[in-house]
Structure formats: C-alpha cells, structure tokens
Amino acid sequence: NDKNTKYETYKNNCDECDLLIVSDDARSGNFVHFTDKLETHKFKSIFRNVFLLDLGFNNNKITKLQTF
C-alpha cells in the first residue's frame, strides 16, 4: 500500500511502472512460507504488474500476482 501512494512520483520518471517485491531467504534471517493461495489472491494495486521474487533457500521463484 505504501508503494501505491508513491506511484505518481515514480510515473514522473517513466511511462509505465511495475512493482517487484523481493523476499529474502532464511539465511538472511527472513522466513516466509508462501502457499498456493498466493497465486489466486487478488491484491489491490495501482501498478500495472506486480511480481514477487522469492529468493528460496535452494531455488528462486518469480510469481506474477493478480491485481485489481
């Protein structure tokens, strides 16, 4: 939600804006477990596209989140 409020400022420097959310892996002290619900949940966002980059312990995964 905080990024939504900054959108207009971002748009001053570009034509279109996407949002990339990065989740570090457990080695950095951050642990998050994403379930399958993440792929069906609709997030409210002003950004054209929202992506989640999950820096997993042994693999990285990028997911395009559904927005409205």
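Refer to the preceding data block for the structure.
Rules used in this analysis
Residues numbered from 1 in each chain as written. Predicted model: local features only at pLDDT ≥ 70, side-chain atom pairs only at ≥ 80, totals over all residues. Heavy atoms only, no water. Pairing = 2+ DSSP bridges. Helix = DSSP H or I, 4+ residues; strand = E, 2+ residues; numbered from the N terminus. Salt bridge = Lys/Arg side-chain N within 4 Å of Asp/Glu carboxyl O. Buried < 20%, exposed > 50% of the residue type's maximum accessible area, 1.4 Å probe, protein only. 1 Å grid on protein atoms, 1.4 Å probe; cavity = no way out; pocket = protein on both sides within 12 Å on 5 of 7 lines; lining within 4 Å. Points joined across faces, edges and corners; volume = space filled by probe spheres on them. Nonpolar A, V, L, I, M, F, W, Y, C, P; charged D, E, K, R; others polar.

Draft legend 1. Representation of the sheet that holds strand β2 (residues 42–43) in the model. Strand order in this open sheet of four strands is β1-β3-β4-β2, and the pairing throughout is mixed. The sheet terminates laterally at β1 (19–23) and β2, the two strands that pair on one side only. Pairing between β2 and strand β4 (residues 60–67): two bridges, direction parallel. Residue pairing for β4: F43 is matched across the bridge by T67.

Draft legend 2. Highlighting the pattern of salt bridges. Per the stated rule, a full pass over the model turns up three salt bridges. The salt bridge involving D18 is made with R48; its shortest N-O contact spans 3.0 Å. Separated by 30 residues along the polypeptide, D18 in the loop between α1 (2–11) and β1 and R48 in the loop between β2 and β3 (50–55) bring together distant segments of the chain. Overall, the relative accessible area of 36% leaves D18 in the partly exposed class. On the basis of relative accessibility, which here comes to 46%, the residue R48 falls in the partly exposed class.

Draft legend 3. Seen up close, the layout of surface pockets. The computed volume of the largest pocket comes to approximately 200 Å³. Every residue lining the largest pocket is counted, 15 residues in all, and those nearest its centre are N1, L19, I21, F43 and V50. At three residues, α1 tops the list of elements feeding residues into the lining of the largest pocket. Here the second largest pocket defines a volume of roughly 160 Å³. Lining the second largest pocket, in full, are F34, T35, D36, L38, E39, L52, D54, G56, N59, K61 and T63. Breaking the lining of the second largest pocket down by element, the ones donating at least two residues are α2 (37–40), β3 and β4. The class makeup of the residues in the lining of the second largest pocket is three nonpolar, four polar and four charged.

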